[in-house]
Amino acid sequence: MMRNSCRIYCRGAIKKGDEKMSGISYFPYLRGRQSELLALRDLMVVGKLSPHVIPIIEPVKDTSTIRSVLAEFQRSDHAVIIVLNPEHGEFVTDHYAGRVQESLCLRELSQVIPMVLMNSQIRDVLNFTKRRQWQTNPLNLATIVPQDYELDSRGFILGLNELSPELVFYTDIEAREDAIISLENVNSDKVHFAQIIDRFNRRERNVDYAEKPDEAFSRDYRKCELRGDGGFSDYSIVGNHFSEGGFAPYAVAIHIVYFNENQSMLRIKHYVSDTNVDYRDVPNKFSEAVNKLVPDVKSGVIEETEGIRHLMQQAHDGTFPGLATVKRWSIMHHLELMGRYLDNK
């Protein structure tokens, strides 16, 4: 049997040493592009990545940056989940679970938890992990089931029982129920659940964000508590869409999340430039967009974070850091904001 709607499951480590981390955890799914990686590094360096924020990184390039970022997680004693068999980028080759481990020097990093995507390479990766070739964290193995997961004759999700996860990511209640059935005889008392869903309402063109500059983003951080889940996951302000490269935009859009007054909803504002008739003068477009952010920060609508502080400095100085850096600071803001909320809980 085949399920045709989107399904994603993950088994992640929410342990540190032998003690289970308390409270709700946020698992932002980020692909290992430069802006995402540097956002994580910068937050850790200044001590503003909450222990309740455990990133999932799907490596897409073999760079010194990703190795240095993973080393920073190790130095900071902070858990991070790494996909052994990514579905995008230059690691996508035959038998690449071993390549990811060797290229990223994962044997030396006890804070790294391996994740397995249940794609065409699942059998190879399972054999890799079962042969004890995974040399870092021995406690947990993270798992993602493909979007169209299959059910066997018993109604079990194929492979999920064999993997025996402790944390299952789902995209809707039916998927959660299928996972419960599949795992009812496998350490069922240790299984935790979390939803993963793309909450970023992506538009084809940056200028289109001006049509709805303020919109709802997520209430997952509240819903997970009501369901008794251990956490929640999304793709931050980047979204699940993957593109190898960028291009010169006609408009600059800065995406900033914020809580409403009683923190019952996370919303997102899109600050869009005005002179959007062609792709020339991107620095001026950035200036137009970032100066729309300034009054919201000064009024307290947007909380000041490390990422916001950098954006405000650019607005004050009239300088342009590059679009990749703007994205990096926007991601930093989202992760720090969610970390503050969870720390207070």
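Quick caveat, the model's predicted, so the values are computed rather than measured. Counting restarts for each chain: residues are numbered from 1 in the order of the written sequence. The predicted origin of the model limits local features to residues at a pLDDT of at least 70 and limits the giving and counting of side-chain atom pairs to 80 or more, whereas totals for whole chains, interfaces and linings rest on all residues. The side-chain numbers reported here are obtained from all heavy atoms of the structure, hydrogens and water having been left aside.

## Here's the deal with the packing of aromatic side chains
Aromatic rings in a pair are described by how distant their centres are and how their planes are angled relative to each other.
Thinking step 1. Within 6.5 Å between ring centres, the rings of Phe, Tyr and Trp (the latter by its six-membered ring) count as paired, and their orientation is classed by plane angle as stacked under 30 degrees, edge-to-face over 60, tilted in between. With the rule as written, the count across this model stands at nine aromatic pairs.
Thinking step 2. Pairing Y29 with Y235 gives two aromatic rings, centres 5.3 Å apart and planes at 50 degrees, and the pair type is tilted. Here Y29, found in strand 4 (residues 29–31), pairs with Y235, found in the loop between strand 12 (231–233) and strand 13 (253–259); they are 206 residues apart in sequence, far enough to count as distant.
Thinking step 3. Between Y221 and Y341 the ring centres are 4.9 Å apart and the planes differ by 75 degrees, which places this aromatic pair in the edge-to-face class. Placement of the pair is Y221 in helix 7 (residues 220–227) and Y341 in helix 10 (residues 323–344), with a sequence separation of 120 residues.
Thinking step 4. An aromatic cluster of at least three residues, connected via ring pairs, comprises Y221, F259 and Y341.
Thinking step 5. One residue, R176, lies across the ring of F193, its end atom 4.6 Å from the ring centre.
Thinking step 6. The positively charged end of K269 is found above the aromatic ring belonging to Y258, 5.8 Å away from the centroid. The helix count covers DSSP runs of H or I at least four residues long, the strand count covers runs of E at least two residues long, and both are numbered beginning at the N terminus. Only when the NZ atom of a Lys or the CZ atom of an Arg is both within 6 Å of the ring centre and within 35 degrees of the ring normal do we say a charge sits over the ring.

## Considerations on unusual backbone geometry
Thinking step 1. Residue S236 is not a glycine yet carries a positive backbone phi of 55 degrees.
Thinking step 2. With respect to the helices and strands, S236 occurs in the loop between strand 12 and strand 13.
Thinking step 3. Working definition: with a 1.4 Å probe on protein chains only, accessible area under 20% of the residue-type maximum means buried, over 50% means exposed, and in between means partly exposed. Overall, S236 belongs to the buried group, its relative accessible area being 0%.
Thinking step 4. One non-glycine residue with positive phi stands out, namely Q263, at about 60 degrees.
Thinking step 5. Assignment of secondary structure puts Q263 in the loop between strand 13 and strand 14 (266–272).

## As for the confidence of the model for the chain
Thinking step 1. For every residue, the predictor reports its confidence as pLDDT, a number between 0 and 100. Of all residues in the chain, 84% attain a pLDDT of 70 or more, and the chain-wide mean is 85.
Thinking step 2. Here residues 2–21 is a poorly scored stretch, pLDDT under 50, and it has 86 contacts once near neighbours within four places are set aside; other chains count. Two residues qualify as a contact provided that any one of their heavy atoms is within 4.5 Å of a heavy atom in the partner residue.

## Topic: the side chain of Q314
Thinking step 1. Looking at the secondary structure, you find Q314 in helix 9 (residues 306–317).
Thinking step 2. In this structure, Q314 is in contact with F286, T319, F320, P321 and W329, ignoring residues within four places of it in sequence.

## Notes on the pairing of strand 9 (residues 167–170)
Thinking step 1. Taking every second residue as pointing to the same face, both faces of strand 9 are buried, with L167 and F169 on one and V168 and Y170 on the other.
Thinking step 2. With four bridges joining them, strand 9 and strand 10 (residues 192–196) adopt parallel strand pairing. Following the sheet pairing, V168 is matched in strand 10 by F193. When DSSP finds two or more bridges between two strands, those strands count as paired.

## Brief notes about the nonpolar core
Thinking step 1. By nonpolar core we mean a set of buried residues, namely Ala, Val, Leu, Ile, Met, Phe, Trp, Tyr and Cys, connected to one another through side-chain atoms within 4.5 Å. One finds I57, L70, L106, I254, L293 and L311 to be the most contacted residues of the largest nonpolar core, which totals 65 residues.
Thinking step 2. Here the element with the most residues in this core is helix 10; it accounts for nine residues.
Thinking step 3. Apart from the residues lying within four places of it in its own chain, the contact partners of I57 are L30, G32, L37, L40, I66, L70, F73, V80, I81, I82 and V83.
Thinking step 4. Core analysis: the next-biggest nonpolar cluster, separate from the first, contains 16 residues, F27, I56, M115 and I144 among them.

## Quick word on the sheet that holds strand 3 (residues 25–26)
Strand-to-strand pairing in sheets goes through backbone hydrogen bonds, with the strands running parallel or antiparallel.
Thinking step 1. Strand order in the open sheet made by the four strands is 3-12-10-9, with parallel pairing throughout. Of all strands in the sheet, those with a lone pairing partner are strand 3 and strand 9, marking the two edges.
Thinking step 2. Bridging between strand 10 and strand 12 involves three bridges; their strand directions are parallel. By the bridge assignment for strand 12, A194 is matched with G231.
Thinking step 3. Where helices are involved, their axes are fitted lines through C-alpha atoms of the stretch in contact, as for all axes, and angles between N-to-C directions lie from 0 to 180°. Lying on the sheet, helix 7 is in contact with strand 9, strand 10 and strand 12; it crosses strand 12 at an angle near 140 degrees.

## Remarks on the pattern of salt bridges
Thinking step 1. Here a salt bridge means any side-chain nitrogen of Lys or Arg lying within 4 Å of a carboxyl oxygen belonging to Asp or Glu. All chains considered together, the criterion is met by 21 salt bridges.
Thinking step 2. Among the charged side chains, a salt-bridge network with shared partners connects R41, D42 and R328.

## What to know about the pairing of strand 13
Thinking step 1. The element strand 13 is extensively covered by neighbouring structure, given that seven of its seven residues are classed as buried.
Thinking step 2. Alternating residues of strand 13 divide into A253, H255, V257 and F259 and I254, I256 and Y258, and every residue in both groups is buried.
Thinking step 3. The sheet contact formed by strand 13 and strand 14 spans seven bridges and is antiparallel. The residue of strand 14 that forms the bridge with I256 is K269.

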